[in-house]
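# Working through the structure, step by step
Residues per chain, in single letters:
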Amino acid sequence: MKLRYLGTAAYEGIPSLFCNCPTCRASRAAGGRNLRSRSQAIVNGELLLDFPPDTVWHAMRFGIDWNAVGACLITHAHSDHFYPEDMVMGRPDFCHGNRTLRYFLPAAAYRRLEAEMKGTGLQDFGGRIERCLVQPFVPFEAEGYHILPLAADHPTAEGPVFYAIEKDGTRLLYAHDTGYFPEASWEALRSFGKFRLVSLDCTGGGQEGWRGNHMCLKTDREVADRMLREGMADEDTRFVANHFSHNGGSTHDALCALAEPYGLTVAYDGLELEF
C-alpha cells in the first residue's frame, strides 16, 4: 500500500494568508518542505482522503489521474477538509470523460453536498457524483478497501470521523482532525487489527497541552504508545505526524528535530510512504 500526502497543513496553510508571525516568515524564507497546503492524501492513487479547496492545486502538482480515483473519504464538514463548491466541477457540462466519484461523508457534510448539488439544478449530475452517508463504527467497502469510520474528538465540527482502512491485510489509520481518541474509538480499533502506518493529527506541533480537538507531538506519542501496548501496532508500524498549523510555532525543519526523540516522521506536501 502507498500513501501520498498531497497537503499537510491545517485550515490556515503555512505560511498563512496575511500572516507575518515568526513561523510564517521563516517558512516563506526557507521554502521547500516548509510550505504547506491544506491537508489531503491519496492511497494507491485511487482512494482520496478529504477534499480541501487546494484539491485543484494538488491535482496539477502531483498529477492525479481522476479516472483512477473512485472514492473520496471525508472526515468532517470544515472547509479545509471539505469544499463542495469544487466537487460540483464533476458535473457533465464542466468536465468530460471522467468516471463516477463516490464521496463517503458524515451527516453534516452529506447535507451540505446535497444542498450544493440541488443548487445547480442537476441533482444527480448524470451519475458523475454519488453521495454515501457515513456513520461512526459502521464499516463499509469502497474500491476494494474495508473501511471503518471512527468517532473523532473534534467538538468544533458536527459528527467528525477518522478512518481505519484495510486492503489485502495491510492497515492504515488516518486520524485527522481529532484530539486523543474517544474510548469508543479505542474499543473499535482493537478489533480492526494491527496497523502498518498511523497518521496522526499534530496541529499543535512541538507545543504541549494539545490533547482535545487537536494533538501535538507529545500526544501523538501517547497515542502511539497505547497502540503498541494494546497490540494495534508493533515495531514495524510507522507513526507519522501530520496536519500542522503556524500556531504550532514550528517550521517543517524545526519540527523534524523536535519529532526525532518521539520516533515520529514529520509529513510534508508530496511525501509518499510505502508500507
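Look a little higher up for the structure.
Quick caveat, the model's predicted, so the values are computed rather than measured. (Residues numbered from 1 in each chain as written. Predicted model: local features only at pLDDT ≥ 70, side-chain atom pairs only at ≥ 80, totals over all residues. Heavy atoms only, no water.)

### Concerning the sheet that holds strand β11 (residues 197-201)
Just so we agree on the cut-off: Two strands form a pair only when DSSP identifies at least two bridges running between them. Helix and strand definitions here come from DSSP, where helices need a minimum of 4 consecutive H or I residues and strands a minimum of 2 consecutive E residues; each element is numbered from the N-terminal end. Residue contacts are defined here by distance: any two heavy atoms, one from each residue, within 4.5 Å place the two residues in contact. Helix axes use the C-alpha atoms of the stretch in contact, all axes being lines fitted to C-alpha atoms, and the angles between their N-to-C directions lie in the range 0 to 180 degrees.
Spatially, 7 strands are ordered β7-β8-β9-β10-β11-β12-β13 in an open sheet, and the strand pairing comes out mixed. Each edge of the open sheet is held by one strand with a lone partner, namely β7 (140-142) and β13 (265-266). Examined bridge by bridge, β11 and strand β12 (residues 238-242) share 5 bridges and lie parallel to one another. When the sheet's bridge partners are listed, Val 198 is paired in β12 with Phe 239. Helix α5 (residues 183-190) rests against β8 (145-151), β9 (161-167) and β10 (170-175) of the sheet, and its axis sits at about 155 degrees to β8.

### Structural notes on the environment of Gly 248
Just so we agree on the cut-off: Only protein chains enter the area calculation, which uses a 1.4 Å probe; residues under 20% of their type maximum are buried, those over 50% are exposed, and those in between are partly exposed.
With respect to the secondary-structure elements, Gly 248 resides in the loop between β12 and α7 (252-259). You can call Gly 248 buried: its relative accessible area is 5%. Once the C-alpha coordinates of Gly 248 and Met 227 are considered, the two residues, 21 residues apart in sequence, prove to be 25 Å apart. Residues within four places of Gly 248 in sequence aside, it is in contact with Thr 203, Gly 204, Gly 205, Gly 206 and Gln 207.

### Regarding the pattern of salt bridges
Selection rule: Any Lys or Arg side-chain nitrogen located within 4 Å of an Asp or Glu carboxyl oxygen qualifies as a salt bridge.
Evaluation of the coordinates by the stated rule reveals 16 salt bridges. Taking the shortest distance from any N to any O, the salt bridge between Glu 183 and Arg 226 comes out at 3.0 Å. Linking Glu 183 in helix α5 with Arg 226 in helix α6 (residues 217-229), this pair joins segments that are 43 residues apart in sequence. On the basis of relative accessibility, which here comes to 9%, the residue Arg 226 falls in the buried class.

### Here we look at the pairing of β9
By the criterion of burial, β9 is predominantly enclosed, with 6 of the 7 residues buried. Both β8 and β9 contribute to a ladder of 6 bridges, which runs antiparallel. Note that in β9 the partner of Pro 149 across the bridge is Tyr 163. In the sheet, β9 pairs with β10 via 5 bridges, with the strands oriented antiparallel. Bridging across to β10, Ile 165 finds its partner in Leu 172. The loop that links β9 with its antiparallel partner β10 comprises 2 residues; one of these, Asp 168, has a positive phi angle of about 50 degrees.

### Considerations on the layout of surface pockets
Where we set the bar: A cavity, in this analysis, means grid points on a 1 Å lattice covering only the protein atoms where a 1.4 Å probe fits yet has no way out; a pocket is instead an open set bounded by protein on both sides within 12 Å along at least five of seven lines, and a residue lines either one if it has an atom within 4 Å of a point. Grid points are joined across faces, edges and corners, and a volume is the space filled by probe spheres set on the points. When residues are sorted by character, Ala, Val, Leu, Ile, Met, Phe, Trp, Tyr, Cys and Pro go into the nonpolar class, Asp, Glu, Lys and Arg into the charged class, and all the rest, Gly among them, into the polar class.
In this model, the largest pocket occupies a volume close to 380 Å³. Lining the largest pocket are 18 residues; nearest its centre among them are Phe 51, Trp 66, Asp 86, Met 89 and Gly 90. Residue assignment for the lining of the largest pocket shows that the elements contributing at least two residues are α2 (55-62), α3 (84-87) and β5 (101-105). Looking at the lining of the largest pocket, the element that brings in the most residues is α2, giving 3 residues. A per-class count over the lining of the largest pocket returns 12 nonpolar, 3 polar and 3 charged.

Note that every value here comes from positions in space, so none of it alone points to a role or purpose.
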